[in-house]
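Summary of structural features
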Amino acid sequence: PVDLSALVRTAAENLAPAAAERRVSLDLGGLNHGPLVVNGNLNKLVQLVDNLLVNAIKYNREDGRVRLGLERQGSRVVLTVADSGVGIDREHTAAIFNRFYRADMSGTGRLEGLGIGLSLVQEIVKLHNGDIRVESEPGVGTTFTVTLEAGL
């Protein structure tokens, strides 16, 4: 059993300095106030949340915002990480989960990172019998939604 609510709060606290450095605010208002338990590997779930938050901060705009949401929906727990960043072109959204795929999502013309973060996230979600979706609009932002089975 892993309390995903506590894990997300801790990850946000740990990444707050990086967000502040980039002048990105972290909005935790959408987090459930009590524990939300999923069954899984703690270290892998930490990697999943960290990767999503790091990307939301890294590909955001100055004075942007990252909104975190976590709620129980029946027998599932749903995590959302939404940013107000550069967004992802529709032509890239299908490929962003491919290992080593990199697109210029920074708007700088430079390719950043190694291209393994989102493929790792997808693998972790699959290992936990979950689902991940992405919705994005260039210039508006990106929302990742992860759905996992709730624990007991």
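Above this text sits the structure in question.
What this report covers is the structure whose coordinates are included nearby. From a predicted model like this one, the values you see are computed outputs, not experimental measurements.

Thresholds applied
Residues numbered from 1 in each chain as written. Predicted model: local features only at pLDDT ≥ 70, side-chain atom pairs only at ≥ 80, totals over all residues. Heavy atoms only, no water. Helix = DSSP H or I, 4+ residues; strand = E, 2+ residues; numbered from the N terminus. Buried < 20%, exposed > 50% of the residue type's maximum accessible area, 1.4 Å probe, protein only. Areas by Shrake-Rupley, 256 points an atom, 1.4 Å probe, with all protein chains shown as cover. Salt bridge = Lys/Arg side-chain N within 4 Å of Asp/Glu carboxyl O. Contact = heavy atoms within 4.5 Å. Core = buried A, V, L, I, M, F, W, Y, C linked by side-chain atoms within 4.5 Å. 1 Å grid on protein atoms, 1.4 Å probe; cavity = no way out; pocket = protein on both sides within 12 Å on 5 of 7 lines; lining within 4 Å. Points joined across faces, edges and corners; volume = space filled by probe spheres on them. Nonpolar A, V, L, I, M, F, W, Y, C, P; charged D, E, K, R; others polar.

**Looking at the overall build of the chain**
Within the chain one finds four helices and seven strands. By the burial criterion, 42% of the 152 residues in the chain qualify as buried. As presented, the chain carries roughly 8,100 Å² of accessible surface, and 49% of it is formed by carbon and sulfur atoms.

**Comments concerning the pattern of salt bridges**
Across all of its chains, the model carries five salt bridges by this definition. For the salt bridge of Glu-62 with Arg-23, the shortest nitrogen-to-oxygen distance reads 3.0 Å. One end of the pair, Glu-62, is in the loop between helix H2 (42-58) and strand E4 (65-73); the other, Arg-23, is in the loop between helix H1 (4-21) and strand E2 (25-31), with 39 residues separating them in the sequence. For Glu-62, a relative accessible area of 54% puts it in the exposed group.

**Concerning the side chain of Thr-145**
Tracing the chain through its elements places Thr-145 in strand E7 (residues 141-149). Note on Thr-145: relative accessible area 8%, which makes it buried. With residues near it in sequence (within four places) discarded, Thr-145 still touches Val-78, Leu-79, Thr-80, Asp-131, Ile-132 and Arg-133.

**Brief notes about the nonpolar core**
Counting residues in each nonpolar core, the largest one holds 34 residues, and the members touching the most others are Leu-4, Leu-48 and Val-49. Those elements that provide at least two residues to this core are H1, H2, E4, strand E5 (76-83), helix H4 (117-127) and E7. Setting aside residues up to four positions removed in sequence, Leu-4 forms contacts with Leu-36, Val-38, Val-49, Leu-70, Val-77 and Leu-148.

**Structural notes on the side chain of Ser-5**
For Ser-5, the position within the fold is in helix H1. Of the residues examined, Ser-5 reaches a relative accessible area of 4% and is grouped as buried. Setting aside residues up to four positions removed in sequence, Ser-5 forms contacts with Asn-32, Gly-34, Pro-35, Leu-36 and Leu-70.

**With respect to empty space enclosed by the protein**
One pass over the full model with this rule turns up one cavity of 30 Å³ or more. Its volume calculated, the largest cavity comes out at about 120 Å³. Residue lining of the largest cavity: 13 residues in total, with Asn-55, Tyr-59, Asp-83, Ile-88 and Phe-144 positioned closest to the centre. Elements with a contribution of two residues or more to the lining of the largest cavity: H2, E5 and E7. Looking at the lining of the largest cavity element by element, the count peaks at three residues for H2. Residues that form the lining of the largest cavity fall into these classes: nine nonpolar, three polar and one charged.

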